[in-house]
Amino acid sequence: MPELHLHNSLSRRKERFEPIDPNHVRMYVCGPTVYDLVHVGNARPVIVYDVLARLLRRLYPRVTYVRNITDIDDKINTRAAENGEPIEALTARTTEAFHADMAALGALPPDIEPRATQHIHEMIVMIERLIASGHAYAAEGHVLFSVGSFADYGKLSGRSPDELLAGARVDVAPYKRDAGDFVLWKPSPPELPGWDSPWGRGRCGWHIECSAMSWKHLGESFDIHGGGTDLIFPHHENEVAQSLCAFPGSRFARYWVHNGMLLVDGEKMSKSLGNFTTLRDALKRAPGEVIRLLLLRTHYRSTPDFSDAAIEEARKELDRFYRAVEACPGVDVGEPTAVVMDALCDDLNTPLALSAMHALADRALTGEADAAAALRGAGALLGLLGSTPDAWFRGAGDDAAEIEAAIAERLAARKARDFSRADAIRKELLDRGIELEDRRDGTTGWKRLARQGG
């Protein structure tokens, strides 16, 4: 097996991956804040770390992949109030929607999916440790982390003290010792969620949530921490500070892996900019496998643009892969080639792996069964080609018999040299999103152009 190399945001270079325990690799990835439907940009890290988890499972005997659910947050509180619904109902509904959307993309569920509200005890324990060691202080019902107490603050993001303060966007409150200090615990009024604590009824700050959940499920030190580049500061920077200070001598995360943001017309896709496309809407335009491939066609550290043209390119690419599989019926899933494995082990180079898959498709299209098996094996590693060619091209639907009858009628019209009727049937089917595949010896098949869902 090839050696895995990953770009480590902490060292700012590509490094050979050396797990703490080669028999058990542990990875934590920041999950969604469940207050709304996710957009396509939110799906990118899910797909990136799904592929990484699949790859790790091929390389190591045991992998524990943890991805959290943030179900306590001011955005959640605000949205629930706007909707006039209980917070628990909102988070339950949006969590279920998130799971359905990720399944449509072919993403496997993480091994553990902790929820912030289930880990208040661990957060309180960590905060108490930070206060006892002088890295945090209580003030007016709040508990704040003292940034000045941690000499390496800013090491992950590489920001200067002035940049850190400018980028933190923190409230300058009178109870803070330093403007850059961030909240670990804050008081909750009666109408908002709250838990009893040594500092009064309150709720956690965002950053302490992930530190507590990763500690609970992966230990004080683990191998990989993943997320989008937008989380490097302040979220991941603050995680590093509070975790290392709460557990002196630990490493927290050894490798920090960050995916680039998805762009729309050159700008980051985000709810705050209003330029987002929900994944639900994207899945009305193309199957989930198309969206998945679109997100894998560029390197995970890049910033690709999301567009109709990109969707069509991904669709055509998948059509070609499925044609190659179709050319060798009955072939099982084989082992991915060394070229595919080498590409993925080189900092998850999915574009290079896809290029190798096209080379396999070239051979499979000529009837080479071994190439088709390797193509399916590479697809499984990337979470692709999980359907059958027939299901892919003809899609789900209860109108297949009706379509076949129309094709038979068209064939009869052509034999009777009633070409105007044959052309009319072809146009009727095309208007319904059904494309016929004609050869000299007749219609050999059909496929849906406007496939819906995943």
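Residues numbered from 1 in each chain as written. Predicted model: local features only at pLDDT ≥ 70, side-chain atom pairs only at ≥ 80, totals over all residues. Heavy atoms only, no water.

Engineer: Explain the nonpolar core to me, please; I cannot follow it from the model alone.
Structural biologist: Soluble, globular proteins show a tendency: their nonpolar side chains are buried together. Judged by nonpolar contacts, the single largest core of 81 residues is most densely connected at Leu 56, Leu 279 and Ile 291. Ranked by residues supplied to this core, first place goes to helix 1 (residues 40-59) with 12 residues. In terms of nonpolar packing, the next biggest core, distinct from the first, is built from 41 residues, Ile 127, Phe 145, Tyr 153 and Phe 222 among them. (Core = buried A, V, L, I, M, F, W, Y, C linked by side-chain atoms within 4.5 Å. Buried < 20%, exposed > 50% of the residue type's maximum accessible area, 1.4 Å probe, protein only. Helix = DSSP H or I, 4+ residues; strand = E, 2+ residues; numbered from the N terminus.)

Engineer: Could you clarify how one ought to interpret the packing of aromatic side chains in this entry?
Structural biologist: In the structure shown here, the tally under the stated rule is eight aromatic pairs. With a centroid separation of 4.9 Å and 15° between ring planes, the pair formed by Tyr 322 and Trp 392 is classed as stacked. Here Trp 392 lies in helix 14 (residues 389-394) and Tyr 322 lies in helix 10 (residues 308-326), a separation of 70 residues in the sequence. Relative accessible area serves as the criterion here: at 1%, Tyr 322 is assigned to the buried category. For Trp 392, a relative accessible area of 5% puts it in the buried group. Members of the aromatic cluster, joined through ring pairs, are Phe 17, Tyr 60 and Tyr 255. Over the face of the ring belonging to Tyr 137 we find Arg 177, whose NZ or CZ atom lies 4.0 Å from the ring centre. The ring of Phe 393 is capped by Arg 323, whose NZ or CZ atom sits 3.8 Å from the centre of that ring. (Phe/Tyr/Trp six-rings, centres within 6.5 Å; stacked < 30°, edge-to-face > 60°. Lys NZ or Arg CZ within 6 Å of the ring centre and 35° of its normal.)

Engineer: Quick question: what am I supposed to make of the environment of Leu 436 here?
Structural biologist: With respect to the secondary-structure elements, Leu 436 resides in strand 13 (residues 434-439). Judged by relative accessible area, Leu 436 falls into the buried class, the value being 4%. When the C-alpha positions of Leu 436 and Lys 447 are compared, they lie 6.7 Å apart, and in sequence the two are 11 residues distant.

Engineer: Mind showing me how you'd approach the sheet that holds strand 5 (residues 136-139) here?
Structural biologist: Hydrogen bonds between backbone groups are what pair the strands of a sheet, and the pairing can be parallel or antiparallel. Strand order across the open sheet formed by four strands is 5-6-7-8, with antiparallel pairing between neighbours. Each having just a single partner strand, strand 5 and strand 8 (202-204) make up the two edges of the open sheet. Averaged over all pairs of adjacent strands, the angle between their axes in this sheet comes to 20°, without regard to strand direction. Here four bridges tie strand 5 to strand 6 (residues 142-145), and the two strands are oriented antiparallel to one another. Within the sheet, the bridge partner assigned to Ala 136 lies in strand 6 and is Phe 145. Packed onto the sheet, helix 4 (residues 120-132) meets strand 5, strand 6, strand 7 (182-187) and strand 8 and runs at close to 120° relative to strand 7. (Pairing = 2+ DSSP bridges. Axes fitted to C-alpha atoms, helices over the stretch in contact; angles between N-to-C directions. Contact = heavy atoms within 4.5 Å.)

Engineer: Even after reading the chapter, I still don't get the sheet that holds strand 4 (residues 63-67), so can you show me in this structure?
Structural biologist: Spatially, four strands are ordered 4-3-9-10 in an open sheet, and the strand pairing comes out parallel. For this open sheet the edge positions go to strand 4 and strand 10 (252-259), each flanked by a neighbour on one side alone. Taken over all neighbouring pairs, the strand axes of this sheet differ in orientation by 20° on average, direction set aside. One ladder, built from three bridges, connects strand 3 (residues 25-29) with strand 9 (residues 221-228); its direction is parallel. By the bridge assignment, Val 29 is partnered in strand 9 with Gly 226. Lying on the sheet, helix 6 (residues 206-218) is in contact with strand 3, strand 4, strand 9 and strand 10; it crosses strand 3 at an angle near 160°.

Engineer: For this particular structure, what's the right way to read helix 1?
Structural biologist: One full turn of an α-helix is made of 3.6 residues, so residues set three or four places apart face in the same direction. Its 20 residues give helix 1 an end-to-end C-alpha distance of 29 Å, which sits within 8% of 28 Å, the value for a rise of 1.5 Å per residue. Taken across its 20 residues, helix 1 has 17 buried, putting it largely inside the fold. (Expected span 1.5 Å × (residues − 1).)

Engineer: What should I look at first to understand helix 13 (residues 369-382) in this one?
Structural biologist: End to end, helix 13 covers 20 Å across 14 residues, agreeing with the expected 20 Å (1.5 Å per residue, within 8%). Where helix 13 is buried, its residues contact helix 1, helix 9 (288-296), helix 10, helix 11 (338-345) and helix 12 (350-364). Downstream of helix 13 by a residue or two, Gly 383 has a phi angle that is positive, lying close to 75°.

Engineer: Just to check I follow, could you spell out the packing of helix 10 against helix 13 for this structure?
Structural biologist: Relative orientation and spacing of two packed helices are given, respectively, by the angle between their axes and the distance between those axes. The contact between helix 10 and helix 13 brings their axes to 9 Å, and the two run at 135°. As judged from the angle between their axes, helix 10 and helix 13 are oblique. Crossing hand, helix 10 versus helix 13: left-handed. Here helix 10 contributes Phe 321, Ala 324 and Val 325 to the contact with helix 13, which in turn contributes Ala 372, Leu 375 and Arg 376. Residue composition of the contact of helix 10 with helix 13, grouped by class: five nonpolar, no polar and one charged. (Parallel < 35°, antiparallel > 145°, perpendicular 65-115°, else oblique. Left-handed = near helix turned anticlockwise from the far one by under 90°. Nonpolar A, V, L, I, M, F, W, Y, C, P; charged D, E, K, R; others polar.)

Bear in mind that shape data such as this cannot, by itself, settle questions of function.
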